[in-house]
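Structural features, examined
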Amino acid sequence: MNAPEESQVKESVGKSLEPHFIEIVAREVGCRASQVVAADGLFAEGATVPFVARYRKEATGGLIDEQLETLAKRRDYFLELAARRDAVLASIAEQGKLTEELEAKIRAAVTKHELEDLYLPYKPKRRTRAQIAREKGLEPLADQLLAGAGGSQDPADLATAYLSEEKGVASVADALAGARDILAERLAESAEVRSRLRAVMQEEGILRVRVLAGKEQEGAVYRDYFAHDEPVKSIPSHRMLAVLRGERESFLVSELALDDEREGARAAASWGVPLGTPCGREVAAASEDGYVRLLRPSIANEVRSAVRERAEADAIGVFRANLEALLMQSPLGKVTVVGVDPGFRTGAKVAVVDPTGKVLATTVIYPVPPKAREEEAAATLVDLIRRHGAHAVAIGNGTASRETESFATKAVRDAELGSVVVAIVPETGASVYSASAEARSELPDLDVSLRGAVSIARRLQDPLAELVKIEPKSLGVGQYQHDVDQKALSGELDVAVETVVNRVGVELNTASISLLRRVSGLSERLARAIVSYRDQRGPYSSRQALLDISGFGPKTFEQAAGFLRLRDAANALDRTAVHPERYSVVERMAANLGMSLDELVGNPQAVARIDFGAFADAEAGLGRFTLEDIKAELERPGRDPRPEYVAPRWREDVRSIEDLQPGMTLEGRVSNVANFGAFVDVGVGRDGLVHVSELSHRFVADPRQAVKVGQVVKVQVLEVDRDRERINLSMKALEPAPAPKAGRSAFERPPQGPAEQRPRRDEGKPRAPQRPALAPPREQPRREAPPPKAAKPPERPATLEDLMAKYKRV
């Protein structure tokens, strides 16, 4: 690895993980501490996850990108924790309250919750009731009540000494009330008590959801949650997010239920003093007040926030997995394509793009009613195909897509253009791109509608290169995407895009700014500089030419060069994923074989003759991982990891939902995957739902284990609701039924008693979730019908209202 500049080293000082954090991260990632130390050092120097995963395997011991990403996130967390810890220590020290014991506890904290619990008693806060009591000089009285709980002293006698008209303590009752306020706050700020209650609430808490009075009809879409109880530790993310949405829309209200009588008693017992004595009863009353008014609400808010964050993280993870699958869809390749944005009344917009995505021609045709001019449209389409040597016709899957596909297929067949592919392409987000600043910059002379046709054509050529131009949230592959933290969502989706871009690699001489800015080490400014240099001086002839760009220094080159490819470069290694820092090694390999790089690269037989072990050099970072990667690249240079292009075969007799009948077998493309199932586009203008229970005969915990966005699948129609345009599909119906388990035959089984005496076959086992009657529409509205609720738990424990009523004081 190139040595970082001195300024970069100075900036990295103090930003490495502390030893006890390293051990925690190693356990979470599932690796050795030495691997975490190595990755931590690389990240501190500014290395990116894709770069470390691909080109620093020797340093990290072969950690893969998923491990490194987790490591990087936890590294950021613990660096933030360390910075916050230092600020907390400084604040407490400034107050003159930092003891050795307290400092040791703070330095041992390994979570932000733990740290904030320890800091809470010393944290500057608004004037609370306890603070006002302290200003009145009543803190010593609180201490005396605690100390006197073991005896029989009258609290009133203790309080008399604190009466003061000047301080506003006019009576014994006032003095005792102030002392109780101080004790209540102490209890609520006890790190031990807070930690215990938080753990109990996370483990035993029940989310109780109810409909707001009078909202039953208006909020009918949430009817599954009108009387819904579910443990917070196991509530699925989509149900939690549905409840939160229902609350925001003022249809639902929820609370965290717990056995508050038991937990209130535990909190009071934490003082470790008798509570039945005269002073003890004051401590008990303060404890009850502290639990109900301060501790319980505070911890409930924390736990609700944690459950919400967990649900949001899960939803964001769903979106990310779907986005990565969408971006990894197979490209048709660098060929000329005719893009068609279909329509009825306004006609079909047509654009021809060359293998680099450059627009060659545009027009509008009317192949379908109500303005059908089919012969003229067919002649125009065939002429464009022949004149420009097009290899494919890409048709957007929106309005009139099936009709336009049938027209194009017939036109191509009648013209005897059998080698031309006619394919329907998902056009989600194409309208967003057409109206974007990037589209105006790329296609300033084209109307918005024609830009959509260009985007559709380019999507067939290379989905990744086109989809990166669109805001990920507009691609329609999420779940409750509008209900989660938008900053966290955007950050995670950006990482997903960058992961895929760097996994696939980027052609330097054709890549757009949108694609280049996702490359490891590159910013948008540098991406623009790369394109500007290319426009002014012509195509790049080598990777090394990047160093001529102002601001493109050695460190940036190190991070980015391996992910940038040059298909027509003079140096054969510039066409591969071999990093320039390893060119000299490959040149020695070629020299040992007595051949040129051009003869070696892409020649598996020659590569097989190389003794790679002879080139190992630990000091130079050349070990097993790096040499294996070099070997793979030499055998298959610049290999695209995406699958071969496959298009679903639509049924000619099925073009709309009216044509569907239960029992039909169809082929379609997975358009979205949620926690409760997968949506499949079967070519009728409305996606159908394959519920998770219909994906396979085997148990499927996560639908993404069975299908991915963009995958072509076969399905059987189960139900069709034409009024609501909902379609229920099944994949397992087309699978062979599992063989029955081996066992005794029916004739060998012992006699059975009456049915009411026999145990249920599923007794003691959780029931499989019931699939919804019909699939929701493809474009789901914000107020979507939540998935079915879980089974109701046992009778609820005592609630906070019960406790407040029991201990309410006049």
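Rules of the game
- Residues numbered from 1 in each chain as written.
- Predicted model: local features only at pLDDT ≥ 70, side-chain atom pairs only at ≥ 80, totals over all residues.
- Heavy atoms only, no water.
- Helix = DSSP H or I, 4+ residues; strand = E, 2+ residues; numbered from the N terminus.
- Buried < 20%, exposed > 50% of the residue type's maximum accessible area, 1.4 Å probe, protein only.
- Contact = heavy atoms within 4.5 Å.
- Areas by Shrake-Rupley, 256 points an atom, 1.4 Å probe, with all protein chains shown as cover.
- Pairing = 2+ DSSP bridges.
- Axes fitted to C-alpha atoms, helices over the stretch in contact; angles between N-to-C directions.
- Parallel < 35°, antiparallel > 145°, perpendicular 65-115°, else oblique.
- Left-handed = near helix turned anticlockwise from the far one by under 90°.
- Nonpolar A, V, L, I, M, F, W, Y, C, P; charged D, E, K, R; others polar.
- Expected span 1.5 Å × (residues − 1).
- Arc of directions from axis to C-beta.
- Salt bridge = Lys/Arg side-chain N within 4 Å of Asp/Glu carboxyl O.
- Right-handed = clockwise from strand over helix to strand, strands pointing away.
- Polar contact = N/O pair within 3.5 Å; in protein donor to acceptor, adjacent residues only side chain to side chain.

1. A few points about the overall build of the protein chain
If you tally the helices and strands in the protein chain, you get 31 helices and 15 strands. Of all 810 residues assigned to the protein chain, the portion counted as buried reaches 48%. For the protein chain, the share of sequence-separated contacts (at least 6 apart) that also reach a separation of at least 24 residues comes to 69%. A total accessible area of about 38900 Å² is found for the protein chain, and carbon and sulfur atoms account for 50% of it.

2. Considering the sheet that holds strand 13 (residues 688-691)
Ordered in space as 11-12-13-15-14, the five strands form a closed barrel in which the pairing is mixed. Each strand of the sheet is rotated relative to its neighbour by a mean of 50°, with strand direction disregarded.

3. A few points about the packing of helix 13 (residues 191-204) against helix 15 (residues 260-269)
For any two helices packed against each other, the geometry comes down to the angle between their axes and how far apart the axes lie. Between helix 13 and helix 15, whose axes approach to 11 Å, the crossing angle comes to 160°. Looking at the two axes, helix 13 sits roughly antiparallel to helix 15. Once helix 13 is placed against helix 15, the crossing between them reads as right-handed. When helix 13 is examined against helix 15, the residues Val193, Arg196, Leu197, Val200 and Glu204 are found in contact with a partner set consisting of Arg262, Glu263, Arg266 and Ala267. Residues of the contact of helix 13 with helix 15, tallied by class, amount to four nonpolar, no polar and five charged.

4. So, helix 13
End to end, helix 13 covers 20 Å across 14 residues, agreeing with the expected 20 Å (1.5 Å per residue, within 8%). Those residues of helix 13 not exposed but buried are Val193, Arg194, Leu197, Arg198, Val200 and Met201. Along the long axis of helix 13, the arc covered by the buried residues comes to 165°, so they all point the same way. Structurally, helix 13 contributes buried residues whose contacts are with helix 8 (112-119), helix 12 (172-188), strand 3 (252-257), helix 15 and helix 16 (278-327).

5. Notes on the side chain of Ser455
Topologically, Ser455 is positioned in helix 21 (residues 448-461). What makes Ser455 buried here is its relative accessible area of 0%. Once residues within four sequence positions are removed from consideration, Ser455 is found in contact with Ala430, Tyr433 and Glu466.

6. Points about unusual backbone geometry
Between Pro369 and the following residue, Pro370, the backbone shows a cis peptide bond with an omega angle of 10°. Inspection of the secondary structure assignment puts Pro370 in the loop between strand 6 (359-365) and helix 17 (374-388). The backbone phi angle of Ser250 is positive, close to 65°, even though this residue is not glycine. With respect to the helices and strands, the residue Ser250 is situated in the loop between helix 14 (237-248) and strand 3. For Ser250, a relative accessible area of 35% gives the class partly exposed. You will see that Glu416, though not glycine, has its phi angle at about 55°, which is positive. Inspection of the secondary structure assignment puts Glu416 in the loop between helix 18 (401-414) and strand 8 (421-425). Given a relative accessible area of 71%, Glu416 falls into the exposed group.

7. Description of the pairing of strand 11 (residues 665-674)
Of all 10 residues in strand 11, nine are buried; the element is thus mostly enclosed. Joining the antiparallel neighbours strand 11 and strand 12 (residues 677-681) is a turn of two residues.

8. Details of the pattern of salt bridges
The full count for this structure, using the stated rule, is 67 salt bridges. For Lys215, the salt bridge is made with Glu218, and the minimal N-O distance between the two is 3.8 Å. By relative accessible area, which is 52% here, Glu218 ends up exposed. Among the ionic contacts, a cluster of salt bridges with common partners joins Glu69, Lys73, Arg320, Glu324 and Glu492.

9. Quick look at the sheet that holds strand 8
The strand order across the open sheet built from five strands is 6-5-4-7-8, with neighbouring strands paired in mixed fashion. Two strands close off the open sheet at either side, each with one partner strand: strand 6 and strand 8. Strand after strand, the sheet turns through a mean of 20° between neighbouring axes, direction not considered. As paired strands, strand 5 (residues 348-353) and strand 6 are joined by six bridges and run antiparallel to one another. Bridge assignment links Val350 to a residue of strand 6, and that residue is Thr363. The strands that helix 17 touches are strand 4 (337-341), strand 5, strand 6 and strand 7 (392-396); relative to strand 6, the one it contacts most, it runs at about 175°. In the packing of helix 18 onto the sheet, the strands contacted are strand 4, strand 6, strand 7 and strand 8, and the crossing angle to strand 8 comes to about 170°.

10. Considering the packing of helix 2 (residues 19-29) against helix 3 (residues 33-44)
Direction vectors running N to C along helix 2 and helix 3 enclose 110°, while the axes themselves pass 8 Å from each other. Considering the angle they form, helix 2 stands roughly perpendicular to helix 3. On the side of helix 2, the interface is formed by Ile22, Glu23, Val25 and Ala26, while helix 3 contributes Ala33, Val36 and Val37. Here the residues of the contact of helix 2 with helix 3 are counted per class, giving six nonpolar, no polar and one charged.

11. Focus on the pairing of strand 8
Here five bridges tie strand 7 to strand 8, and the two strands are oriented parallel to one another. Across the sheet, residue Ala394 finds its bridge partner in strand 8, namely Ala423. For the crossover from strand 7 across helix 18 to strand 8, the handedness is right-handed.

12. Focus on the environment of Asp40
Tracing the backbone shows Asp40 in helix 3. Residues Asp40 and Lys15 lie 25 residues apart in sequence; the distance between their C-alpha atoms is 9.0 Å. Apart from the residues lying within four places of it in its own chain, the contact partners of Asp40 are Lys15, Ser16, Leu17 and Arg75. A distance of 2.4 Å separates polar atoms of two side chains, one belonging to Asp40 and the other to Arg75.

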